[in-house]
Every structure is written in C-alpha cells, then in structure tokens.
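What follows is the residue order along each chain.
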Amino acid sequence: MKQKLWVAVFIVWSMGIFAQKFDNLAKTPQMGWNSWNKFATNINEQMVKEMADAMVGSGLKDAGYNYILLDDGWMDMHRDSLGNLVPHPEKFPNGIKIVADYVHSKGLKFGLYNCAGAKTCAGYPGSRGHEYQDAMKYAEWGVDYLKYDWCDTGNMNAAEAYTTMRDALYAAGRPIFLSICEWGDNEPWKWAPVIGHSWRTTGDIYNCFECEHNHGTYSSWGAINILNMRDQERLRKVSGPGHWNDMDMLEVGNGAFSLYEEQTHFALWAILNSPLILGNDLRDISKETLQILTNKDIIAINQDSLGIQGFKYTTEGKVEIWVKPMINGEWAVCFFNHSQDGIDFSFDWSKHSIKDELFNKEISFNDKNIYKLKDLYQQKQIGTTKNILKQRLGKNQSLVVKLFK
C-alpha cells in the first residue's frame, strides 16, 4: 500500500503543472440524490441500495438523475493501522465497494463525502494529510464523485487545499467529479473553475422556504435566502459547462414547503444552473412531488447545452422575473410572486426587450417577432407574446414559460 501511495505522489510530482481535474464530467449541472438533508449520518448499506432501486423504479433515473451520494458519517471514527479510511462497521459491514457495485449495476453513479480538514463536520476522519491515500482508496472502491467539505480547516488556504485533492484524484487515475463545498467563504468563483466541477456559493440550505436557522456559531438558510445571498450577476460570469455554481441540495419533498413553493424552489435552481441534487426520501415520495422532480421541461432548462446561468431581469410589484437564454434562440422565463398574498398579474411583452449583455443574448417582442408560450407546469401552450400575459399567482407561486418560435 505504501509503495502504491509513493508511486501516485511521484506521478503527480513528475506531471508538475499538468495535474488537472478530469474533463467531460460536468457538461451540464450534476443531477442525483444526497443523503444529508433527510438522514444526516443515519445511513447504511441497505438504505443506499433501496435509494438506488427507488431512483430507477420511480422514473427519476429516466428523468436524468444519475448520482447516489453518501454524505458525512459513512466512515468509522478511526483510520486503520496503515492510515486508510475504514467504512463504518455497523452501517457498512460489507464495505463500500459492494455498495458502489450495486449502484453501478443499476446504471447509476456513486459518490462519497469527505473534508479538507483533519475531521469532517460530524467528527469523522477528514482527509488532511491523507489526500493521495484517500483518493487511491476511492478509485479502488469505484467512487465516481467526491463532495469535499471545509470543516476543521483552521488557517488552511482553500484554493491550495482543494488543488491538493484535485491532483490526488487525478493521480489515482479514476475520473471522479469534485464537488467543492466551502460555503462560498473563500470566494471560490475566483479560483475553483480550474480545480473542481462545481462549488458551493453559500452556507447550508435548511428545510424552509424562507428563514434563518441559527445553530449558534453558524446559520443554515431557507431556499429564498440562499437564492439572494450572493450577487448572482457576479457569479454567473464564471458558470458554464464543466464548472457550476452550486446553491446546495434541494429540499423538495421534505415536507416543509407548499406545492407552489416546491415548484418555485425547483424552477429557480434549474434557471440558475444549480446542480439538481435531491435531498428527500426517494422511497416515500408523493405523486405531486414526483411530478415536480421529473418535469422534463424544467429539467431541460437546467440541462440546456448552452450552459448560460439565468438572471433576475426585473421585479414588477411583488413579482420577480427570472430569465435564462437557451439553445436555438429559446428562453425560459419564471414569474415568481414573492409575497404572502395571491395577486392578479399581467405582463405586456411589447413593452419589454430582455438583454443578457454578459453573454450577448437579446430577445424583443413586436408584431414581426412573435414567440409561442409554453406553460412548463401544465405542459401546454398558453398563447403567444402578441398578447398580454395574465395570470393569478398565489403565495410564493410561480409561472414558468418557455418562449419558442
């Protein structure tokens, strides 16, 4: 084992500046499921297998979700005598490889969690000082994805720490998606695109539509707080194929949101090209929630090959208007009633010309330039831009339309 480790270190040393992240793993934002939001560290082999079964059986796999990700708590509290990570003997008595093999047998990909510090956020062994050793173990087990957190890091330099793990993964030789999770504290949008495939832009999400949950030394946040926590216009310039801004996992299906709020949460994550990582129990999912999560038209916004992150175009009264240019001259538009009351809303297309100056995209509306409108929740055409759009929007409700010729 020690000989293999030194070989890996020598390979990276000899490559020098040629060490890099793996390409072609994130042409569109990643889609999948992560254990943390619903289960925290209460995870085990049988549960993971059941989640993989549910992802396939529910139609989520067919909708594009393909990662099964284990978050914190999968490992034992101590490394073995050689310094290797050890799967928790009660939660994963048969080891991690057998779980990864099962997930792969379902046509899915498998991911694990660790941390750049000496300990993970839940107190398990972190990767500090063991980056190359851990990377080789992940490759041996058949891991496809690493979520790499930022607890117990002291005065470490974030860019350097994540570069070390990037290089370790590359040396191990198995293409592994690197998800950077340092909560935006070190402005990863300035350095992460060449290191990881996605990076968290904010603190952790909490199971509420709009709130702050104070833990004492830090807070977690509702979906809308997450949405508005950063200057999205500044962030979107560095987002694109191979490198995505990550607003954290989805809370759709975890019971705290209304149906309208689940729709809005999912749609806004899609429009801003945030990864669509589910955080609910896939074995127990309502018909309504499943319809939201498998809405092919909303998912297509997120997975659009043009890869341009959407932005807030304007606000009219209490209605926020978010837009996203897409391939073939199409646009997605989300009208979001950010208020506690239902309202009657109207939008006169002829009075607007939407410009995306950053990516040189523009759409205007007149009698010679008419677009059809498709309501992506009802999945039907609802007129054209020739007419004023009129819509009743309930509390926190949204309307998402695709504009096309």
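Residues numbered from 1 in each chain as written. Predicted model: local features only at pLDDT ≥ 70, side-chain atom pairs only at ≥ 80, totals over all residues. Heavy atoms only, no water.

Where an unreviewed UniProt entry is consulted, the chain appears under the name Alpha-galactosidase, with the organism given as Dysgonomonas capnocytophagoides. Turning to the chain, the UniProt record has this under Catalytic activity (unreviewed entry): "Hydrolysis of terminal, non-reducing alpha-D-galactose residues in alpha-D-galactosides, including galactose oligosaccharides, galactomannans and galactolipids." Per its UniProt entry, the chain bears the Sequence similarities (unreviewed entry) comment "Belongs to the glycosyl hydrolase 27 family." (UniProt positions renumbered as here; feature names shortened; annotations may be inferred.)

J.: Outline the state of the cysteines, supporting the account with residue identities and numerical values.
T.: Following the criterion strictly, the structure yields two disulfides and no others. Across a sulfur-sulfur distance of 2.0 Å, Cys121 and Cys151 are joined as a disulfide pair. Disulfide Cys121-Cys151: torsion about the S-S bond near 95°, hence right-handed. Of this pair, Cys121 sits in the loop between strand 3 (109-115) and helix 6 (131-141) while Cys151 sits in the loop between strand 4 (145-149) and helix 7 (158-172); the two residues are 30 residues apart in sequence, bridging distant segments of the chain. The class for Cys151 is buried, based on a relative accessible area of 18%. With a sulfur-sulfur separation of 1.8 Å, Cys208 is cross-linked through a disulfide to Cys211. Across the disulfide from Cys208 to Cys211, rotation about the S-S bond amounts to roughly -85°, and the bridge is consequently left-handed. When its relative accessible area of 23% is taken as the criterion, Cys211 is described as partly exposed. Each bonded cysteine in the chain gets a number by its place in the sequence, and the pairs come out as 1-2, 3-4. Here Cys181 is not cross-linked by a disulfide; its sulfur's nearest cysteine counterpart is in Cys121, at 7.2 Å. Residue classification places Cys181 among the buried residues on the basis of a relative accessible area of 2%. (Disulfide = S-S within 2.5 Å. Helix = DSSP H or I, 4+ residues; strand = E, 2+ residues; numbered from the N terminus. Buried < 20%, exposed > 50% of the residue type's maximum accessible area, 1.4 Å probe, protein only.)

J.: How would you summarise the UniProt feature "domain: Alpha galactosidase C-terminal" (unreviewed entry) in the chain if you had to cite specific residues and measurements?
T.: Taking the numbering used here, the UniProt-annotated feature "domain: Alpha galactosidase C-terminal" (unreviewed entry) corresponds to residues 316-403. For residues 316-403, helix accounts for 0% and strand for 55%, while the C-alpha atoms at its two ends are 20 Å apart.

J.: Report on the packing of aromatic side chains, specifying residues and quantitative values.
T.: Under the definition given, this model contains 18 aromatic pairs. Centroid distance Phe335 to Trp349: 6.0 Å. Interplanar angle 80°. Geometry classified as edge-to-face. Here Trp349 lies in the loop between strand 14 (343-347) and strand 15 (353-356) and Phe335 lies in strand 13 (residues 331-337), a separation of 14 residues in the sequence. Here Phe335 matches Trp349 in class, with each residue buried. What links up through ring pairs into an aromatic cluster is the set Phe335, Phe345, Phe347, Trp349, Phe365 and Tyr371. When the ring centre of Tyr102 is taken as reference, the NZ or CZ atom of Lys49 above it lies at 5.4 Å. The lysine or arginine in question, Lys405, covers the ring of Tyr371, its NZ or CZ lying 4.3 Å from the ring centre. (Phe/Tyr/Trp six-rings, centres within 6.5 Å; stacked < 30°, edge-to-face > 60°. Lys NZ or Arg CZ within 6 Å of the ring centre and 35° of its normal.)

J.: Pulling in residues and values, what's your account of the domain arrangement of the chain?
T.: Domain boundaries assigned for the chain yield domain 1 (31-303) and domain 2 (311-404). Centre-to-centre separation of domain 1 and domain 2, based on C-alpha positions: 31 Å. Each side of the interface is counted separately: domain 1 has 23 residues, and domain 2 has 22 residues. At the boundary of domain 1 with domain 2, total buried surface from both sides reaches about 2,100 Å², with 61% on carbon and sulfur atoms. Seen at the junction of domain 1 and domain 2, the total is two salt bridges. Its salt-bridge partner being Asp356, residue Arg236 comes within 2.8 Å of it at the nearest N-O pair. Remark: the boundary between domain 1 and domain 2 carries nine residue pairs in polar contact (both at pLDDT 80 or more). At eight residues, helix 10 (residues 259-271) tops the list of elements feeding residues into the side of domain 1 that touches domain 2. Class assignment of the residues belonging to the side of domain 1 that touches domain 2 gives a composition of 11 nonpolar, five polar and seven charged. (Domains from an automatic or database assignment. Contact = heavy atoms within 4.5 Å. Buried area = accessible area lost by both parts, 1.4 Å probe. Salt bridge = Lys/Arg side-chain N within 4 Å of Asp/Glu carboxyl O. Polar contact = N/O pair within 3.5 Å; in protein donor to acceptor, adjacent residues only side chain to side chain. Nonpolar A, V, L, I, M, F, W, Y, C, P; charged D, E, K, R; others polar.)

J.: Before we move on, can you summarise helix 10 with the specific residues and values?
T.: Helical periodicity: at 3.6 residues per turn, an α-helix aligns residues three or four positions apart in one direction. The terminal C-alpha atoms of helix 10, which comprises 13 residues, lie 18 Å apart, in line with the 18 Å expected from a rise of 1.5 Å per residue. With respect to burial, helix 10 is a largely interior element, 11 of its 13 residues being buried. Within helix 10 the residues assigned to the buried category are Glu261, Glu262, Gln263, Thr264, His265, Phe266, Ala267, Leu268, Trp269, Ala270 and Ile271. Looking one or two residues past helix 10, Asn273 carries a phi angle of roughly 60°, positive in sign. (Expected span 1.5 Å × (residues − 1).)

J.: Give me the layout of surface pockets: which residues, what numbers.
T.: When its volume is computed, the largest pocket comes out at roughly 660 Å³. Trp36, Asp204, His215, Tyr218 and Ser220 are the residues nearest the centre of the largest pocket, which is lined by 32 residues in total. Counting only elements with at least two residues in the lining of the largest pocket, the list comes to helix 2 (36-39), strand 4 and strand 8 (219-221). Residues that form the lining of the largest pocket fall into these classes: 13 nonpolar, eight polar and 11 charged. Looking at the second largest pocket, its volume works out to about 180 Å³. Around the second largest pocket, the lining residues are Leu259, Gln263, Phe266, Glu288, Gln291, Ile292, Asn295, Ile298, Tyr377 and Gln379. If you list the elements that add at least two residues to the lining of the second largest pocket, you get helix 10 and helix 11 (287-293). (1 Å grid on protein atoms, 1.4 Å probe; cavity = no way out; pocket = protein on both sides within 12 Å on 5 of 7 lines; lining within 4 Å. Points joined across faces, edges and corners; volume = space filled by probe spheres on them.)

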